[in-house]
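So the chains spell out like this:
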Amino acid sequence: MTDSAAGDSGDDGTGGSRSVVYDLDAACTRTDVEVGARYRAVVNGVVDYGVFVDISDHVSGLLHESNLDGQTFDVGDELVVLLEELKDNGDVSFDLADVDLDEADVLAVEHEPEITAVDEAVVGDDVTVEGELVQIKQTGGPTIFHVADESGILAAAAFEEAGVRAYPEVELGDLVRVSGSVEQHEGARQLEVGDISLLTGETADAARERLDEAMRDRAEPEPVDPLVEWEAFEKLRPELEDVARTLRRTVLEGRPIRIRHHADGDGMCAAIPVQLALERFIESVHEGDDAARHNLKRLPSKAPFYEMEDVTRDLNFALEGRARHGQKLPFLLMLDNGSTEEDVPAYKNLAHYDVPIAVVDHHHPDPEAVDDLLDHHVNPYIHDEDYRITTGMMCVELARLIDPGVTDELRHVPAVAGLSDRSKAEVMDEFLTLADDAGYDREAIEDIGEALDYAAHWLRYSEGKTLVSDVLNVGSEDAERHRELVEFLSTRAERDVREQLDAVEPHVEHERLDSDAHLYRIDLENFAKRFTYPAPGKTTGELHDRKVRATGEPVITIGYGPDFAVLRSDGVRLDIPQMVTELNEEVVGGGVSGGGHLVVGSIKFVEGRREDVIDALVEKMADAELDEELSTTIELDD
C-alpha cells in the first residue's frame, strides 16, 4: 500500500466520500500494513482491558478499552480498526474506526513477501524464496523439493504424512514461492516448508523473465585466453563457448548431465577435464557433498559411436532417475564420438524423450545425418580442418570456459591427447613445451597416454573415476601415487604390446601396391592373443607404427577378425568413411558399416563375406593416391 492510501477517503461519484478499508489476505505480515490505515478485523479474544483482533493470520493486536467508546464485542465479531502503532517489540495497537463496512470501499490486499535469494538464506531465519521446482523427490518421510533461483538451488522439505506427496498441486518446472525456516541438514541448508504457493499470471511471467535474465548472465562462459595461439583452433572457439554456456545453464536449471566418451586416451583427455570443471561448477550452485554425484555421470563407450546398447542403458538410467528422484531427464554430452551416421539410431531413440544432446568430436562427421538431432555439434571437419585438432585439445578449452580455475591442472593434457591420438598438429611442439613447463617431459606424456589406454581397456564400461583421474593427474590429490601408477601401468602396457607384436609379426602378410605403398595384413583372429591387452585396434596401430618406422615410406595396415577390420594409413590419401559407403553398396549382403577418421578407422561386416569385403577394400586402397607431403613427415625414430 502507498502512504496516500492510508486512511484516505474516496469519491462515491455523487460528491460524497467513502472510507477505504483494507481486507488483508491471510498470509499478509507486518510488511504489508501501514500505520494510519483502516483494516477489516475479527475479534479473537476478550479481556478486561480490551479486545484482541486479527487483521490477518500473522498480524494481531490490542484494541484497548479506552478506544472502545463503551462498545462491547464477542469473539468472532467483525469490525473496522485503525492501525495506531507497530512497536519494535512486535506489539500492535489499534483504535476503533467509526466506519460501517457496508458504506466503505473495501480493497483486498494480497501478501507480497520479502523474497530472499537462495544464496542469502541463513540458517535460523524464516524466509520466502521464489524460483523454479527443478526436482521433486518423495522419500519415506517428507517430500523434498529443490527450488532454483538466480543465485543457486535449495532443498525444501515438506511433510504431509510419511511417504505421502506434499503439495500435489505443484509439479516439476512450476514457478513457486516457498516459505519456511532454514535449518541445517546433513551438512547443508534445507528449508523446512511452512507453505508452497504456485505463481500464476503476471506474477509468474515476471518471475520467469527475471530468472531467465539472471541465469543467462550467470551461464555466460568465463573469459579465458587459449593455452596456445592456433589459428585453426580459433574457428571452433565460438561453438565451444556456446556449449559451455549451455552446460552452465543446464547446471543452473538443475538438469543432470550425462557424459559419454570414447574409451581411449583422447576420449579420456576430453572427458576428465570437462567432468572436473562441471563438478566444481555444480558444487557452486548446489549444496551438499553428493551434489556432483547426483547431477553428473561419466561413462566410456568402446565404439567411436553411440551404440544402441549404450543409449538403451543411458535412457533406462535416466527414466529410473526421473521416477525415483524426481529429476529432469539429463543433458547428453558426447565427447570423441557422436558425429557419424552410425549415431543416428541412438539419437532418434532419445528424441522420443526430448533429451538434449551436444557433440564435441573430431572423427569424420556426417552433419547432414546428425545435425537435425543435435543441439550443438563441434567438429573441426565442419570448418575445413581435420583430426589433428583432437577432442582432448578442444575439451581442455571447453573445461576452462566452464571453470577457469581448473587451468593449472590441465596444462599437460592437450599434449597427452595429441600424442595418444598421433596428432600431427603444427602446434604439438607448443603443447609439449606447455606440458614441460608444468613438469611433464615428452617421455612422461607418452607414459601417461599409454597408461590411460591400458586403464581404459580393463575398465571396459566402468567410469573408473579415481583411477583415471590419478593416471592423468587431473583432480588428483596424490602426485606420488600418480607417478607410481603411471610407471606401473605404462610398463605393463609396453610389455603386453611387445609380447603381442612378437606373436603376430611372423604371420604378417606384406605386398607392394601399384601405388608403391606398402600393405601389411594380419589375421588377428588366428595369430593374436584375444581378450587381453592390446585389443585389435591397438594391436593394428602398434604394428602399423612399427612398419612406418622400419620403412619410412607410405604404409597401409589392415588387422582383421571374423567380422571386423581395423585400418591404419600413413602417406596414402584414404577416405575410410567414403570407402565404407561404397563397400556397403558393392558387396551385396556384406552388411558393411563403420568409419572413423579419413586414414584411421574400423569397419564391420557379415562374417561370411569377409574375404569379399577385404579384397574389395584392398582394391580401393591400391587406387588411392600417395600423399607426398604426409609421407615426407614420417619420422624414422618416432
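What you see is a predicted model; the values in this text were computed from it and never measured.

How each quantity is defined
- Residues numbered from 1 in each chain as written.
- Predicted model: local features only at pLDDT ≥ 70, side-chain atom pairs only at ≥ 80, totals over all residues.
- Heavy atoms only, no water.
- Helix = DSSP H or I, 4+ residues; strand = E, 2+ residues; numbered from the N terminus.
- Rg over C-alpha atoms; globule rule 2.2 N^0.38 Å.
- Buried < 20%, exposed > 50% of the residue type's maximum accessible area, 1.4 Å probe, protein only.
- Contact = heavy atoms within 4.5 Å.
- Areas by Shrake-Rupley, 256 points an atom, 1.4 Å probe, with all protein chains shown as cover.
- Lys, Arg positive; Asp, Glu negative; His and termini not counted.
- Charge placed at Lys NZ, Arg CZ, Asp CG, Glu CD.
- Axes fitted to C-alpha atoms, helices over the stretch in contact; angles between N-to-C directions.
- Parallel < 35°, antiparallel > 145°, perpendicular 65-115°, else oblique.
- Left-handed = near helix turned anticlockwise from the far one by under 90°.
- Nonpolar A, V, L, I, M, F, W, Y, C, P; charged D, E, K, R; others polar.
- pLDDT = per-residue confidence, 0-100.
- Pairing = 2+ DSSP bridges.
- 1 Å grid on protein atoms, 1.4 Å probe; cavity = no way out; pocket = protein on both sides within 12 Å on 5 of 7 lines; lining within 4 Å.
- Points joined across faces, edges and corners; volume = space filled by probe spheres on them.
- Phe/Tyr/Trp six-rings, centres within 6.5 Å; stacked < 30°, edge-to-face > 60°.
- Core = buried A, V, L, I, M, F, W, Y, C linked by side-chain atoms within 4.5 Å.
- Expected span 1.5 Å × (residues − 1).
- Disulfide = S-S within 2.5 Å.
- Salt bridge = Lys/Arg side-chain N within 4 Å of Asp/Glu carboxyl O.

**Observations regarding the overall build of the protein**
A count of helices and strands for the protein gives 20 helices and 24 strands. Relative to the 2.2 N^0.38 estimate, which gives 26 Å for 638 residues, the radius of gyration of the protein is 34 Å and therefore markedly larger than a compact globule would have. Across its three principal axes, the protein shows a C-alpha extent of roughly 120 × 55 × 45 Å. Out of the 638 residues in the protein, the part that is buried amounts to 53%. Contacts in the protein between residues at least 24 apart in sequence constitute 67% of all its contacts with a sequence separation of at least 6. Summed over all atoms, the accessible surface of the protein reaches about 28,800 Å², with 44% contributed by carbon and sulfur. On the protein, the mean spot of the 58 positive side-chain charges and the mean spot of the 144 negative ones are 9 Å from each other.

**Comments concerning the packing of helix H6 (residues 308-325) against helix H7 (residues 344-351)**
Here H6 crosses H7 at 20°, and the two axes come no closer than 9 Å. As the angle between them shows, H6 and H7 are arranged roughly parallel. Here H6 and H7 pass one another in a crossing that is right-handed. Note on element contacts: H7 touches H6 through Pro345, Ala346, Asn349 and Leu350, opposite Met308, Val311, Thr312 and Leu315. A per-class count over the contact of H6 with H7 returns 6 nonpolar, 2 polar and no charged.

**Here we look at the confidence of the model for the protein**
Across the protein, the average pLDDT comes to 90, with 95% of residues at or above 70. Counted against residues more than four places away or in other chains, residues 630-638, with its pLDDT under 50, gives 18 contacts.

**Examining the pairing of strand S22 (residues 564-570)**
Where a strand is regular, its side chains alternate between the two sheet faces. Most of S22 is tucked away, with 6 of its 7 residues classed as buried. Relative to S22, strand S21 (residues 555-560) is paired through 6 bridges, and the arrangement is antiparallel. Looking at S22, one finds that Ile556 is bridged to Ser569. As consecutive antiparallel partners, S21 and S22 are separated by 3 residues.

**A word on the layout of surface pockets**
Of the volumes computed, that of the second largest pocket is approximately 1,100 Å³. Counting residues per element, the ones that place at least two in the lining of the second largest pocket are strand S9 (126-138), strand S10 (143-148), strand S11 (153-158), strand S13 (188-198), strand S14 (257-262), helix H5 (291-295), strand S15 (296-301) and H6. Across the lining of the second largest pocket, the residue classes break down as 15 nonpolar, 13 polar and 13 charged.

**Let's talk about the packing of aromatic side chains**
Taken as a whole and assessed by the stated rule, the structure comprises 7 aromatic pairs. Ring geometry for Tyr454 versus Trp458: centroids 6.1 Å apart, planes at 80°, classification edge-to-face. Of the two residues, Tyr454 and Trp458 are both situated in helix H13 (residues 442-459); the distance of 4 residues between them amounts to about one turn of the helix. The class of Tyr454 is buried, set by a relative accessible area of 6%. Pairwise contacts between aromatic rings join Trp230, Phe233 and Phe431 into one cluster.

**Re the nonpolar core**
By size, the foremost hydrophobic cluster in this structure holds 92 residues, and its most contacted members are Trp230, Val274 and Leu398. The leading source of residues in this core is helix H4 (residues 265-285), at 12 residues. Once you skip the residues sitting within four places of it in the chain, Trp230 turns out to touch Arg388, Ile389, Met393, Ala425, Glu426, Val427 and Phe431. With 29 residues, the next largest nonpolar core counts Tyr560, Leu567, Val580 and Ala624 among its residues.

**Thoughts on empty space enclosed by the protein**
Scanning the entire structure with this criterion turns up 3 cavities of 30 Å³ or more. Around the largest cavity sit Pro226, Leu227, Val228, Trp230, Phe233, Glu234, Met393, Val396, Glu397, Pro414 and Phe431, which together line it. The set of elements that each furnish at least two residues to the lining of the largest cavity consists of helix H2 (231-234) and helix H9 (391-402). With 3 residues, the top contributor of residues to the lining of the largest cavity is H9. By residue class, the composition of the lining of the largest cavity is 9 nonpolar, no polar and 2 charged. Roughly 70 Å³ of volume is contained in the second largest cavity. Lining the second largest cavity are Arg258, Tyr306, Asp314, Leu315, Ala318, Pro330, Phe331, Leu332, Leu350 and Val355. At 3 residues, the largest contribution of residues to the lining of the second largest cavity is made by H6. Looking at the lining of the second largest cavity residue by residue, the class counts come to 8 nonpolar, no polar and 2 charged.

**Some points on H9**
If you check H9, its first and last C-alpha atoms are 16 Å apart, about what 12 residues at 1.5 Å a residue would give, namely 16 Å. In terms of burial, H9 is a largely internal element, 12 of the 12 residues being buried. Buried within H9 are the following residues: Thr391, Gly392, Met393, Met394, Cys395, Val396, Glu397, Leu398, Ala399, Arg400, Leu401 and Ile402.

**Some thoughts on the packing of helix H14 (residues 465-472) against helix H15 (residues 479-504)**
In contact at an axis separation of 8 Å, H14 and H15 are set at 95° when each is read in the N-to-C sense. Taken together, the axes of H14 and H15 lie roughly perpendicular to each other. For the pair H14 and H15, the contacting residues are Leu467, Asp470, Val471 and Leu472 in the first and Arg481, His482, Leu485, Val486 and Leu489 in the second. Taken together, the residues of the contact of H14 with H15 break down into 6 nonpolar, 1 polar and 2 charged.

**Let's talk about the environment of Val182**
By the element assignment, Val182 lies in strand S12 (residues 175-185). Using a relative accessible area of 0% as the deciding quantity, one classes Val182 as buried. In the structure, Val182 is positioned 56 residues away from Asp126 in sequence and 6.4 Å away in space, judged by C-alpha atoms. Each residue touching Val182, except ones within four places of it in the same chain, is listed here: Ala121, Val122, Val123, Gly124, Asp125, Val127, Arg189, Gln190 and Leu191.

**Considerations on the state of the cysteines**
Evaluation of the coordinates by the stated rule reveals 0 disulfides. Of all cysteine sulfurs in the structure, the one in Cys395 sits closest to Cys269, which takes part in no disulfide; the separation is 10 Å. Looking at Cys269, the relative accessible area reads 0%, which means it is buried.

**Looking at the environment of Gly449**
Looking at the secondary structure, you find Gly449 in helix H13. On a C-alpha basis, the gap between Gly449 and Glu85 in space is 75 Å, while along the polypeptide they are 364 residues apart. Leave out the neighbours within four places in its chain, and Gly449 touches Val416 and Ser420.

**Things to note about the pattern of salt bridges**
Throughout the structure, instances matching the rule amount to 49 salt bridges. For Arg208, the salt bridge goes to Glu132, with nearest N and O atoms at 3.5 Å. Taken together, the residues Arg208 in helix H1 (residues 201-219) and Glu132 in strand S9 connect sequence positions 76 residues apart. Judged by its relative accessible area of 12%, Glu132 is buried. A salt bridge links Asp310 to Arg313, with the nearest nitrogen and oxygen atoms 3.6 Å apart. Taken as a pair, Asp310 and Arg313 lie in helix H6 at a separation of 3 residues, close to a single helical turn. Overall, Arg313 belongs to the partly exposed group, its relative accessible area being 36%. Put simply, Arg258, Arg260, Glu309, Asp310, Arg313 and Asp314 are held in one network by salt bridges that share partners.

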